[in-house]
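Examining the three-dimensional arrangement
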Amino acid sequence: MVRSFFCGHELPRYITCTNLVLLPKNKEINTSSDMRPISLSNFTSNVFSSLVQFLPSIISPQQSGFVKCRSFVEHIILVQEIVHDIRIRGKPANVVIKLDMAKSYDRIFKKGKARGSTISYSFYTRLAECLSGHERYPFNEVNYKKYVMPNGVRIDHFGISLMTLLIIFTSANEDYLRLVVETLTNYDKVSGQRVNKHKMRFYMHHLTSQNIKAVVHNVTKIPEKEFHFTYLGVPVYYGRRMNIHYKEMIEKIQNRLSSWTGKFLSIGERITLIKHVLQSVTIHLLSACDPPHRVLAQIHRLFAKFFFGATQLVIQASIGQPGKLLCHPTEEGGMGFRSLQNMSKSLFIKLWWNMRTK
């Protein structure tokens with residue numbers, strides 16, 4: 001039964017059933033407080049939970065999500081560091097390919113139903129690990145032209161996979177680009193997945209010659225796109241940070257605000273929406289990167305404009321700096337909102353501390 005559970009089979013209902021028994025505390029029972037509830041559960045669930053101690057030896061070290069002491073932020077930072085060093089160093093040039101699987105979960109389970117069996121998540125994860133380079137075959141050959149960084153480090157992994165999203169780091173050599181296409185084709189046949197052709201793009205340094213870019217396009221049939229791109233909600237780019245890299249985050253907040261502007265909201269409702277909705281949207285972004293000060297100031301102005309319900313011109317003329325006023329403590333006449341600048345600093349310190357202590 002335990003083996004069937006980890007292979008993806010459904011468990012019988014009696015496994016999760018619990019029998020509640022009320023035991024009397026005293027000889028005379030007058031109220032419910034005189035009874036002691038006892039829960040009698042099936043021991044099989046305890047067997048499943050006891051196997052948790054063996055998970056570190058089963059889970060791949062490259063798995064960063066949904067594991068204690070690991071985070072998706074590690075994947076984001078790793079991709080950002082690799083892309084930051086995409087500068088041309090010798091031949092062939094470095095190539096970053098971003099792929100997205102089309103309705104991955106639906107396809108994998110439809111394939112299982114067609115065969116009359118249940119395909120477990122473990123099988124799906126194993127396929128993704130093989131594709132992302134954890135097995136490294138056939139890309140572990142000595143002659144394989146890997147993604148080279150300026151300090152001489154070569155990226156051994158074929159890519160970084162998160163089930164539905166795959167980032168491939170390779171070179172612009174024709175033979176090895178064909179090997180990438182062949183591997184993706186074989187993966188589609190084995191797993192039943194299909195790459196979303198509308199979202200697949202390849203990225204190269206802006207100083208790369210057009211002839212090399214044309215070779216990559218002709219071999220892979222993937223269109224080119226200029227940096228930056230978004231990975232797990234965080235912009236990935238090389239060079240210095242710019243305000244345009246965080247345009248999607250600002251547009252996301254503006255879309256939220258536009259859906260609330262026409263509603264009649266009280267001051268308390270606006271405070272709740274800003275504290276628990278709008279400021280929560282930026283936590284994931286601030287935990288993985290450090291946006292420019294102008295971007296955070298613009299977000300503060302959007303919060304102030306929504307809170308006061310007036311145009312930005314009237315706000316600036318009446319109170320000067322509304323974003324900072326909202327972040328003041330209530331004892332000082334503010335609204336007690338968290339400052340995004342302070343949040344960015346604290347999350348950056350937390351990230352630094354985790355890197356130093358691990």
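Side note on helix α10 (residues 267-281)
Taking 1.5 Å of rise per residue, the 15 residues of α10 would be expected to cover 21 Å, and the 20 Å separating its terminal C-alpha atoms lies within 8% of that figure. Taken together, the buried positions of α10 are Arg270, Ile271, Leu273, Ile274, Leu278, Gln279 and Val281.

Notes on the environment of Arg270
In this structure, Arg270 sits in helix α10. In sequence terms Arg270 and Phe303 are 33 residues apart; their C-alpha atoms lie 9.5 Å from each other. When sequence neighbours within four positions are dropped, the list of residues in contact with Arg270 reads Leu265, Phe306, Phe307, Phe308 and Gly309. A distance of 2.9 Å separates a polar side-chain atom of Arg270 from the backbone oxygen of Phe307.

Structural notes on the confidence of the model for the protein chain
Here the protein chain averages 75 in pLDDT, while 70% of its residues score no lower than 70. For residues 134-138, every residue scores under 50 in pLDDT, and the model assigns this stretch 10 contacts once sequence neighbours within four places are set aside. This model gives residues 311-320 a pLDDT under 50, and the stretch forms 13 contacts once residues within four places in sequence are excluded.

Points about empty space enclosed by the protein
Here the structure, examined in full by the defined rule, presents two cavities of 30 Å³ or more. There is about 40 Å³ of room inside the largest cavity. At the level of secondary structure, the elements contributing two or more residues to the lining of the largest cavity comprise α11 (283-288) and α12 (293-308). In terms of residues, the lining of the largest cavity owes the most to one element, α12, which gives three residues.

Each value, and the rule that gives it
- In every chain, residue numbers begin from 1 and rise along the written sequence.
- For a predicted model such as this one, the threshold for reporting local features is a pLDDT of at least 70, and the threshold for listing and counting side-chain atom pairs is 80 or more; totals across whole chains, interfaces and linings nevertheless cover every residue.
- The basis for every side-chain value is the complete set of heavy atoms in the structure, and neither hydrogens nor water enter the calculation.
- In DSSP terms, a helix is any run of H or I states spanning at least four residues, a strand is any run of E spanning at least two, and both are numbered starting from the N terminus.
- For a helix, the expected span equals 1.5 Å multiplied by the residue count minus one.
- We call a residue buried when its accessible area falls under 20% of the maximum for its residue type, exposed when it is over 50%, and partly exposed in between, using a 1.4 Å probe and counting protein chains only.
- For this analysis, residues touch if any pair of their heavy atoms sits within 4.5 Å.
- Distance and chemistry together define a polar contact, namely a pair of N or O atoms within 3.5 Å, with one atom able to donate a hydrogen and the other to accept it when in protein, and with adjacent residues in sequence counting only for side-chain atoms on both sides.
- The pLDDT score gives, residue by residue, the confidence of the prediction method on a 0 to 100 scale.
- With a 1 Å grid laid over protein atoms only, a set of points is called a cavity when a 1.4 Å probe fits there but cannot get out and a pocket when it is open yet has protein on both sides within 12 Å along at least five of seven lines; lining residues have an atom within 4 Å of a point.
- Grid points are joined across faces, edges and corners, and a volume is the space filled by probe spheres set on the points.

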